[in-house]
Amino acid sequence: MKIATFNIQNLFHRDRSFLEKPYSKCVYDWIAEMDNLIRKKNYNPTDSNRMRELSFLLGFDKSYQLPYAVMRRRAGFLFLKGMDYSKELQASELTDWNGWIALQTVPIHAIAIKNKARVIAEVNPDILLVQEIEDKASLSEFNTELLPEFNCKPFEQLFVIQGNNQGGHETGILTKNGYQILSVKSHQYDTDDSGNPLFQNDFLEYEIQTPSKTTIWLLAVHLQPQEKDKEHSDNLRKKQAQRVAEVYQKLRSEGRTQIAVLGTLNSVSYCHSLAPLLQETDLKDIPKHERFNVDFDKGVDADYFRLGAYRLGVNIKQKDYLLLSPQLFKNVKQGGLNRKAIWPNKKPVWSIYPNISKKEHEASEHPAVWASFKI
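Quick look at the structure, then. This is a predicted model, so every value here is computed, not measured.

Secondary structure summary: the protein contains seven helices and 20 strands in total. Across the 375 residues that make up the protein, the buried fraction comes to 48%. Long-range pairs, those at least 24 residues apart, make up 68% of the contacts in the protein between residues at least 6 apart in sequence. Put simply, the protein shows about 19,400 Å² of open surface, and 50% of that area lies on carbon and sulfur atoms.

Structure follows, in structure tokens:
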């Protein structure tokens, strides 16, 4: 049995809010300026106009950021019409088509899309957890159309459930070779002390049956990413980790022994926010296994162990984890990660696919982490 987790950072298109913005050096000045204007007791016309400009620059203006629009034909031309407003915009150069299109996303480079499939095909797991996908339809198309191009048998079962994130950051699971999805449980309605959703992205429990009728449990997690307010991010991530640990301990108390916690934890292993999982349970991280092998960095970095990296000679910052219960850890045959489709912005440098010549070609900023087991 081979299990893999891959934060794929969308399949075909990605929400603009998750992309790097070219005006990042200005954004803090704009925020400060907006704060000062909001605090004013009286506004003059110049203030109002400037606040409108800042609202647009900072992304506060949502009037044209609805998730979908419809295409309507009028007087021989196509127009965009939003679902909740009447203003129409002419669509240029198109003449004879009616339908709907997704807004607020940008297409992913064709080479990057191919490399996403290439990574999965090279790992070729029986069970694959993918994070940050658009929807089930996109994943289904990717599975049946893209994977066979790299001699990878499509997955037979596929399940996607929409979580709390509205930006196309869903979690999906795919299985093949006789592995069956028996049940799925979502924790998107778990709340914090204030009654707000605890998980911005979903936390899911999967019950999987192997061809030999053994049952394993996968806890798919995507914890709070690091934001400008580091203390808030760490505190929220720690609460999320505590909840995941509670679910894991509950399964252990029920006699379940084949359990994996996998996904993007969004922080390094020594961060206190991950202590509930990494220090207060018996879960073991796959890079700590003696049979975890991966291509090392090139040059002097091959003998270096950066703080927060996966292991010696693999000096990329760890955000993605495959944590195993003692029984699963004992049954590991081999483990590794595929980072051949990650663009190395600077040292350390590692082996990459030959078609990657710039960052736009990388499949994801995350590696695919995997392990095979004797079950």
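Ranked by size, the top nonpolar core spans 32 residues in total, and within it Ile127, Ile208, Leu218 and Leu324 carry the most contacts. Ignoring anything within four residues of it in the chain, the contact list for Leu324 reads Ile259, Ala260, Asp282, Leu283, Lys284, Ile286, Phe329, Val332 and Phe373. Formed by 31 residues, the second largest nonpolar core is a distinct cluster that contains Ile8, Leu174, Ile356 and Trp370.

On to unusual backbone geometry. Even without a glycine there, the phi angle at Asn151 is positive, about 60 degrees. The class of Asn151 is exposed, set by a relative accessible area of 78%. Phi is positive for Asn177, close to 60 degrees, though the residue is something other than glycine. With relative accessibility at 37%, the residue Asn177 sits in the partly exposed group.

Secondary-structure assignment places Ala241 in helix 5 (residues 230-253). Classification of Ala241 as buried rests on a relative accessible area of 0%. For the pair Ala241 and Leu265, spaced 24 residues apart in the sequence, the C-alpha separation amounts to 8.4 Å.

Here we take up the pattern of salt bridges. Evaluation of the coordinates by the stated rule reveals 17 salt bridges. For Asp47, the salt bridge goes to Lys40, with nearest N and O atoms at 2.6 Å. Measuring nitrogen to oxygen at the nearest pair gives 2.8 Å for the salt bridge that ties Asp190 to Arg243. Placement of the pair is Asp190 in the loop between strand 11 (180-186) and strand 12 (204-209) and Arg243 in helix 5, with a sequence separation of 53 residues. Three or more residues joined by partner-sharing salt bridges are found here, namely Glu33, Arg50 and Glu53.

This next bit is on helix 2 (residues 45-57). An ideal rise of 1.5 Å per residue puts 18 Å on 13 residues; helix 2 measures up with 19 Å between its terminal C-alpha atoms. For helix 2, the full list of buried residues reads Asp47, Met51, Leu54 and Ser55. In a view along the axis of helix 2, the buried residues occupy a sector of 105 degrees, so they form one face of it. Exposed and oriented more than 90 degrees from the buried face of helix 2 are Pro45, Thr46, Arg52 and Phe56. Its side-chain oxygen placed 3.0 Å from the backbone nitrogen of Thr46, Asn44 serves as the N-cap of helix 2.

Moving on to the side chain of Asp126. Inspection of the secondary structure assignment puts Asp126 in the loop between helix 3 (110-123) and strand 8 (127-133). Among the polar contacts listed, one links the side chain of Asp126 to the backbone nitrogen of Lys2, at a separation of 2.8 Å. Here Asn177 takes part through its side chain, which lies 2.7 Å from a polar atom of the side chain of Asp126. Beyond its immediate chain neighbours, meaning those up to four positions away, Asp126 contacts Met1, Lys2, Phe155, Leu174, Thr175, Lys176, Asn177 and Tyr179.

So, about helix 4 (residues 136-146). When helix 4 is considered as a whole, its buried residues turn out to be Ser138, Leu139, Phe142, Asn143 and Leu146. Relative to the axis of helix 4, the buried residues are bounded by an arc of 135 degrees and lie together on one face. Close packing links the buried residues of helix 4 with helix 3, strand 8, strand 9 (157-161) and strand 10 (170-175). The N-cap of helix 4, judged by a side-chain oxygen 3.3 Å from the amide nitrogen of Ala137 a few residues on, is Asp135.

Turning our eyes to something else, we now look at the sheet that holds strand 11. Judged by pairing direction, the sheet is mixed, and its six strands sit side by side in the order 11-12-13-14-18-15 without closing on themselves. Pairing within the sheet leaves two strands with one partner each, and these edge strands are strand 11 and strand 15 (284-285). Direction of pairing for strand 11 relative to strand 12: antiparallel, over a ladder of six bridges. Opposite Gln180, over in strand 12, you have Gln209 as the bridge partner. Packed on one face of the sheet, helix 5 meets strand 12, strand 13 (215-222) and strand 14 (259-264) and runs near 175 degrees to strand 13.

Time to look at the packing of aromatic side chains. Two aromatic rings are characterised by how far apart their centres lie and by the angle between their planes. Counted according to the given criterion, the structure contains two aromatic pairs. With a centroid separation of 6.3 Å and an interplanar angle of 65 degrees, the aromatic rings of Phe12 and Phe142 are classed as edge-to-face. With a gap of 130 residues between them, Phe12 in the loop between strand 1 (2-7) and strand 2 (13-15) and Phe142 in helix 4 connect regions that are remote in the sequence. With respect to burial, Phe12 and Phe142 carry one shared label: buried. An angle of 50 degrees between the planes, with centres 5.2 Å apart, marks the rings of Phe199 and Phe203 as tilted.

Here we come to the sheet that holds strand 19 (residues 332-338). Taking strand neighbours across the sheet as the criterion, the six strands line up as 9-10-8-1-20-19 in an open arrangement whose pairing is mixed. Two strands lie at the open edges of the sheet, namely strand 9 and strand 19, each paired on one side alone. Each strand of the sheet is rotated relative to its neighbour by a mean of 15 degrees, with strand direction disregarded. Here strand 8 pairs with strand 10 via six bridges, running antiparallel. Bridging across to strand 10, Ile133 finds its partner in Glu170. Packed on one face of the sheet, helix 3 meets strand 1, strand 8, strand 19 and strand 20 (368-373) and runs near 165 degrees to strand 1.

Rules and cut-offs
The numbers attached to residues start from 1 for each chain and follow its sequence in the written order. In keeping with the model being predicted, local features are shown solely for residues with a pLDDT of at least 70 and side-chain atom pairs are shown and tallied solely at 80 or more, while totals for entire chains, interfaces and linings include all residues. Calculated side-chain values reflect all of the structure's heavy atoms, with hydrogen atoms and water omitted. Helix and strand assignments come from DSSP, with helices taken as H or I runs of at least 4 residues and strands as E runs of at least 2, each series counted from the N terminus. Classification of residues uses two cut-offs on accessible area relative to the type maximum, computed with a 1.4 Å probe and protein chains only: under 20% is buried, over 50% is exposed, and between them is partly exposed. In this analysis, two residues are considered to be in contact whenever any of their non-hydrogen atoms come within 4.5 Å of each other. For the accessible areas, the method is Shrake-Rupley and the probe is 1.4 Å, while residue cover comes only from the protein chains on display. Take the buried residues of types Ala, Val, Leu, Ile, Met, Phe, Trp, Tyr and Cys, join any two whose side-chain atoms come within 4.5 Å, and each joined set is a nonpolar core. Within this document, salt bridges are pairs made up of a side-chain nitrogen of Lys or Arg and a carboxyl oxygen of Asp or Glu, the two lying within 4 Å of each other. Every helix has an expected span of 1.5 Å times one less than the residues it contains. To obtain the arc, one takes the directions from the helix axis to the C-beta atoms. Two N or O atoms count as a polar contact when they lie within 3.5 Å, although within protein this holds only if one can serve as hydrogen donor and the other as acceptor, and sequence-adjacent residues are included solely when both atoms are side-chain atoms. A pair of strands is treated as paired once DSSP finds two or more bridges between them. To get an axis, a line is fitted to the C-alpha atoms, and for a helix only the part in contact is used. The angle between two axes follows their N-to-C directions and goes from 0 to 180 degrees. A pair of aromatic rings is counted whenever rings of Phe, Tyr or Trp (Trp by its six-membered ring) have centres within 6.5 Å, and the orientation is called stacked for planes under 30 degrees apart, edge-to-face for over 60 and tilted otherwise.

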